[in-house]
Amino acid sequence: MSAKRAERLVNLVIALLGTRQYVTAARIRATVPGYEPDDGTARADEAFKRMFERDKAELREMGVPLETGRTSVFDTEDGYRIARADYELPEITLTGEEAAAVGLALRLWESAQLAGAAQSALVKLRAAGVDVDPGRTLPVQPRLDSDEPAFEPCYAAARDRRVLTFGYRRPDEDTPARRRVQPWGVVAWHGRWYLVGLDLDRQAPRVFRLSRVVGTPKATGPENAFEPPPDVDLAGIVARQSGGGGEEHLVVVRARPGTAVGLRRWATPLGAGPDGDDRLQLRTTDPGRLADQLAALGSDVLVESPQSVRDAVVERLRRLAAMGARS
């Protein structure tokens, strides 16, 4: 199964677990990331139908209790939901090797967008008395996937401890510069992939956004040629160099029920608003990036506070509307 399909199935399960009502296929198409968007063409409709039918069959084959029905007698088409009582797992106990496998997964997920879910799972396992040791190793070679062309060679060089050479174009440069790096690891931060390592020409730690790497990076020299610093915090280095280590801001938004699934994963629920929408509290050190994310959700979300973030979202929506009018 491809990484994109696996992510779409996870998004679908989260969306259907988050409601007691039956959700129509049209609503799923509009709210679950990964499906063919509705552009009004028969081709897009047929592509979505094929994709959704495969996903339903896949979930049922995996034992997910996917139900079909209608919430009200006034509904004109069937919808879907997951029976939470039939889906939730009983109490889990792990053997030592199974706990070590969870520890290995945690180490990998710390360098991916599942870091929050991994940490939550670790806390729950430890609270249940399961000893999960992230430092233990297993005789398996994990593999990570990414859409970035530079991801695979960078990840392989960091894994094998080989020096990496590549061209890198900064935003203020027209010509890419040659870089020689001891790669410590690859990490995802706010939806982008970064390489962290020691720049051999500058003799200092550096962060490189993979989307700015030009061509295919080349690994040179023997394996195990260096060792990263002990207890190196890749995500922390990226956060500091990306300006993500600044002051934390609290943002309160209202979201329509059943929407903004990705946003809800890291939000704190504040209960229902006066109009029936869900009130969510978000923490961010980068209000500008959060404004971009909220603007992408359109009318499904409304910023309550602070006013600065509300204004930033409105400004982005106006800019998008102006671009659409010109096109």
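The paragraphs below set out a description of the structure included in this document. (Residues numbered from 1 in each chain as written. Predicted model: local features only at pLDDT ≥ 70, side-chain atom pairs only at ≥ 80, totals over all residues. Heavy atoms only, no water.)

**Examining the overall build of the protein**
Right, so step 1: From N to C terminus, the protein includes eleven helices and twelve strands.
Right, so step 2: Contacts in the protein between residues far apart in sequence, at least 24 positions, make up 56% of those at least 6 positions apart.
Right, so step 3: As presented, the protein carries roughly 19200 Å² of accessible surface, and 50% of it is formed by carbon and sulfur atoms. (Helix = DSSP H or I, 4+ residues; strand = E, 2+ residues; numbered from the N terminus. Contact = heavy atoms within 4.5 Å. Areas by Shrake-Rupley, 256 points an atom, 1.4 Å probe, with all protein chains shown as cover.)

**A closer look at the sheet that holds strand 2 (residues 66-69)**
For sheets, the rule is that strands pair by backbone hydrogen bonds, running either parallel or antiparallel.
Right, so step 1: Strand order in the open sheet formed by three strands is 1-3-2, with antiparallel pairing between adjacent strands. At either end of the open sheet lies a strand with only one pairing partner, and these are strand 1 (23-24) and strand 2. (Pairing = 2+ DSSP bridges.)

**Description of the pattern of salt bridges**
Pairing between side chains becomes possible if they bear opposite charge and their charged atoms approach one another.
Right, so step 1: A complete count under the given rule lists 20 salt bridges for this structure.
Right, so step 2: For the salt bridge of Asp 199 with Arg 202, the shortest nitrogen-to-oxygen distance reads 3.1 Å.
Right, so step 3: The class of Asp 199 is buried, set by a relative accessible area of 0%.
Right, so step 4: It is possible to trace a salt-bridge network through shared partners that takes in Arg 5, Arg 8, Asp 55 and Glu 58. (Salt bridge = Lys/Arg side-chain N within 4 Å of Asp/Glu carboxyl O. Buried < 20%, exposed > 50% of the residue type's maximum accessible area, 1.4 Å probe, protein only.)

**Details of the sheet that holds strand 10 (residues 268-272)**
Right, so step 1: Taking strand neighbours across the sheet as the criterion, the four strands line up as 10-11-9-12 in an open arrangement whose pairing is antiparallel. The open sheet has two free edges, formed respectively by strand 10 and strand 12 (301-305), since each of these has just one partner strand. In this sheet, adjacent strand axes meet at a mean angle of 30° when their direction is disregarded.
Right, so step 2: In terms of strand pairing, strand 9 (residues 249-255) meets strand 12 through four bridges, oriented antiparallel. Following the sheet pairing, Val 253 is matched in strand 12 by Val 303.
Right, so step 3: Against the sheet, helix 10 (residues 287-296) engages strand 9, strand 11 (278-284) and strand 12, with an angle of about 145° to strand 11. (Axes fitted to C-alpha atoms, helices over the stretch in contact; angles between N-to-C directions.)

**A closer look at the nonpolar core**
Right, so step 1: Core analysis: the biggest nonpolar cluster contains 20 residues, and Leu 12, Leu 16, Ile 28, Tyr 35, Phe 52, Tyr 80 and Ile 82 have the highest contact counts within it.
Right, so step 2: Listing elements by their share of this core, those giving two or more residues are helix 1 (3-17), helix 2 (25-31), helix 3 (42-61) and strand 3 (79-82).
Right, so step 3: Per-element accounting of this core gives the leading share, six residues, to helix 1. (Core = buried A, V, L, I, M, F, W, Y, C linked by side-chain atoms within 4.5 Å.)

**With respect to the pairing of strand 9**
Right, so step 1: Where burial is concerned, most of strand 9 is hidden: five out of the seven residues are buried.
Right, so step 2: The pairing of strand 9 with strand 11 spans seven bridges and is classified as antiparallel. Paired with Val 253 across the bridge in strand 11 is Leu 280.

**Digging into unusual backbone geometry**
Right, so step 1: That bond from Ser 305 to Pro 306 is cis: its omega, 0°, falls within 30 degrees of zero.
Right, so step 2: With respect to the secondary-structure elements, Pro 306 resides in the loop between strand 12 and helix 11 (307-326).
Right, so step 3: One non-glycine residue, Arg 161, lies in positive phi territory at about 60°.
Right, so step 4: Structurally, Arg 161 can be placed in the loop between helix 7 (151-160) and strand 4 (163-168).

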